[in-house]
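Close look at the chain arrangement
The residues making up each chain are set out below.
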Amino acid sequence: MSDQRPQRTEEAKPPTTFWEMLEKLTPQVPRPDPGGEEVVQPAGLAESQPLTAKDRQRALTAHLMEQVCETENLNRAYARVKANKGSPGVDGMSVNKLGGWIKLHKHEVIASLLDGSYEPQPVRGVQIPKPGGKDRLVQQAIGQVLEPILDPTFSASSYGFRPGRGAQDALKKAREYVADGRVIVVDIDLEKFFDKVNHDILMARLGRWVGDKRVLRIVGRFLRAGLMQDGVCVSRREEGTPQGGPLSPLLANLLLDDLDKELEKRGHAFCRYADDCNIYVQSKAAGERVLSSVTDFLERKLRLRVNRDKSAVAFVLERKFLGHRLLPGGKLGIAPQSLDRARERLRRLTGRSRGVSFEQVIGEINEFVIGWVTFFRHAAGKTHLTAMDQWLRRRLRCLRLKQCKRTRTIARFLQRLGVPKDRAWIGASSGKGWWRCADTPPVHEGMSAAWFKSLGLASLTERYVLLNR
């Protein structure tokens, strides 16, 4: 009897990264080597297995790059990038210069996309990283092809950066939850979300739906593109997404869709707008349990970090969602922080040392005021807006007086506005300082609310009333 023992077969190790997983599904796949360069390595084909519905969907996307490079898609991408404007990236190319550059280099860009050799440039290191002009165009073109594939798979409770959905839809749903008695909110704050996205997890999610490895390769390069500061590429990103790029919102929704599906599976009532997620429950005890379990899911499954100092379980009245406060009964109010930020913005626009014309200041104020009031049109806040109107007009009076500089010039200016000569001189020579002088009766008489209206100044209150008729 032979005492020869049977040899143990070594079990195959499971893939540890997205790139290793992709090698098992495709003959060749790019992977970054330790030196930072990408190499294409051959990989054996996995044994044939029955195709699932998701596999069949993935097979249909094996030639996505050809769709990305279609003339109609690239033209739409250019129009979108141009409409969004934005400052130049590391390549120094402004949106106005992009059109001329594309005419000269269109065929080179398309060829590099089709053969998978396109290399994004490092993003410019500012508060929100800015990709270069041609990189923004390529990201937009890829996003336009990926969005119809990915967006239908997202949760109905996800509202941020999705076609046909927006902040007002999220607020409407949140109001319904509160009106139904869910007055406790689990407010989850993800710490530096766009800087902490795990590339392997994100690319694995994208690989579920996209079969074209050229698209996966270039998206991966965008994720790992270095950061340029003071003309030097200081690092390649190992995690995070370029927040200023057109692809980032779509990729963020793709990753956080796992959270949405988990919350749906548990039967929670929630609204998510990008990385801002609120879950509505009926008691604080339930809220504490939800916060603990969801934090564990985010950190263990998606490797995202929850900011425990900013996350909280509280009555809806104590927290804000998309700049609003939810009030009892499902009504909306303007969050105090939003009012403070609006005042700060108007304070900068009416700064007395800006050195711009009074007409330009009014134009800039109108641009901000019209958009801001439109966003908060469904919130109860007429009293706040009236007070802000009065404060803003006083700021503008102060600015206009300082532009006159001298007492005599101020007096003549007030007389031209119809203030009697003696009262005009009293107002001009008050010596109380610009801010106090702006609140004197002669100055009010000359620069009245009707005068500001004649100059075209938009009133927050009037705009609010008009939108709520």
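What counts as what
Residues numbered from 1 in each chain as written. Predicted model: local features only at pLDDT ≥ 70, side-chain atom pairs only at ≥ 80, totals over all residues. Heavy atoms only, no water. Helix = DSSP H or I, 4+ residues; strand = E, 2+ residues; numbered from the N terminus. Areas by Shrake-Rupley, 256 points an atom, 1.4 Å probe, with all protein chains shown as cover. Expected span 1.5 Å × (residues − 1). Buried < 20%, exposed > 50% of the residue type's maximum accessible area, 1.4 Å probe, protein only. Contact = heavy atoms within 4.5 Å. Core = buried A, V, L, I, M, F, W, Y, C linked by side-chain atoms within 4.5 Å. Phe/Tyr/Trp six-rings, centres within 6.5 Å; stacked < 30°, edge-to-face > 60°. Arc of directions from axis to C-beta. Polar contact = N/O pair within 3.5 Å; in protein donor to acceptor, adjacent residues only side chain to side chain. Salt bridge = Lys/Arg side-chain N within 4 Å of Asp/Glu carboxyl O. pLDDT = per-residue confidence, 0-100. Pairing = 2+ DSSP bridges.

Attention now goes to the overall build of the chain. Scanning the chain for helices and strands turns up 21 helices and 11 strands. As presented, the chain carries roughly 24,800 Å² of accessible surface, and 50% of it is formed by carbon and sulfur atoms.

Turning next to helix α14 (residues 358-375). The terminal C-alpha atoms of α14 lie 26 Å apart, and with 18 residues this matches the ideal 26 Å at 1.5 Å per residue to within 8%. Taken together, the buried positions of α14 are occupied by Phe-358, Val-361, Ile-362, Ile-365, Asn-366, Phe-368, Val-369, Trp-372 and Val-373. Contacts made by the buried residues of α14 are with β11 (331-334), α13 (336-349), α15 (382-404), α20 (449-454) and α21 (460-467).

On to the nonpolar core. Ile-142 and Leu-146 are the most contacted members of the largest nonpolar core, which has 64 residues in total. If sequence neighbours within four positions are ignored, Leu-146 has contacts with Leu-64, Leu-206, Val-210, Val-215, Leu-247 and Leu-250. One finds Leu-339, Phe-358, Phe-376 and Cys-398 within the second-largest nonpolar core, a separate group that totals 57 residues.

Glancing now at the packing of aromatic side chains. Inspection of every chain in the model, using the stated rule, returns 9 aromatic pairs. Here the aromatic rings of Tyr-118 and Phe-222 are separated by 6.3 Å at their centres, their planes lie at 45°, and the arrangement is tilted. Of this pair, Tyr-118 sits in the loop between α5 (95-114) and β3 (123-124) while Phe-222 is found in helix α10 (residues 213-224), placing the two residues 104 residues apart along the sequence. Judged by its relative accessible area of 5%, Phe-222 falls in the buried class. With a centroid separation of 6.2 Å and an interplanar angle of 25°, the aromatic rings of Phe-358 and Trp-451 are classed as stacked. A residue pair is termed long-range when its members are at least 10 positions apart, and Phe-358 in helix α14 and Trp-451 in helix α20 qualify at 93 residues. Taking the relative accessible area as the measure of exposure, Trp-451 reaches 16% and is therefore buried.

For Tyr-78, the location among the structural elements is in helix α4 (residues 71-84). Placed 60 residues apart in sequence, Tyr-78 and Val-138 show a C-alpha to C-alpha distance of 9.0 Å.

A few words now on α21. Given 3.6 residues per helical turn, the α-helix brings residues three or four places apart onto the same face. All buried positions along α21 are accounted for by Leu-460, Thr-461 and Tyr-464. Down the axis of α21, the smallest arc covering the buried residues is 95°, so these residues share one side. In this structure, the buried side of α21 is in contact with α14 and α15. A distance of 3.4 Å separates the backbone nitrogen of Thr-461 from a side-chain oxygen at the start of α21, and that oxygen is part of Ser-459.

For the structure on display, the rule yields 22 salt bridges. Across the salt bridge formed by Asp-258 and Arg-208, the nearest N and O atoms sit 3.6 Å from each other. Of this pair, Asp-258 sits in helix α11 (residues 248-265) while Arg-208 sits in the loop between α9 (199-207) and α10, and the two are 50 residues apart along the sequence. As a salt-bridge pair, Arg-272 and Asp-260 come within 2.8 Å of each other at their nearest N and O atoms. Of this pair, Arg-272 sits in strand β7 (residues 269-273) while Asp-260 is found in helix α11, placing the two residues 12 residues apart along the sequence. Look at the salt bridges and you will find they share partners, linking Glu-66, Asp-212 and Arg-214 into a network.

Relative to the helices and strands, Glu-176 resides in helix α7 (residues 167-179). Take Glu-176: its relative accessible area is 35%, and that puts it in the partly exposed class. Taking the C-alpha atoms as reference, Glu-176 lies 9.3 Å from Lys-331; in sequence the two are 155 residues apart.

Next up on the list: the confidence of the model for the chain. Taken residue by residue, the chain gives an average pLDDT of 84. The fraction at 70 or more is 80%. Highest mean pLDDT in the chain belongs to β7 (97); lowest belongs to strand β2 (residues 38-42) (42). Overall, residues 8-12 carries pLDDT values under 50, and its contacts beyond four positions in sequence, including any with other chains, amount to 0 contacts. In this model residues 21-48 is a low-confidence stretch, pLDDT under 50, and it forms 48 contacts with partners more than four residues away in sequence or in other chains.

With that out of the way, let us pick up the pairing of strand β4 (residues 184-189). Where burial is concerned, most of β4 is hidden: 5 out of the 6 residues are buried. Taken together, the 4 bridges between β4 and strand β9 (residues 312-315) define a ladder with antiparallel strand orientation. Within the sheet, the bridge partner assigned to Ile-184 lies in β9 and is Phe-315.

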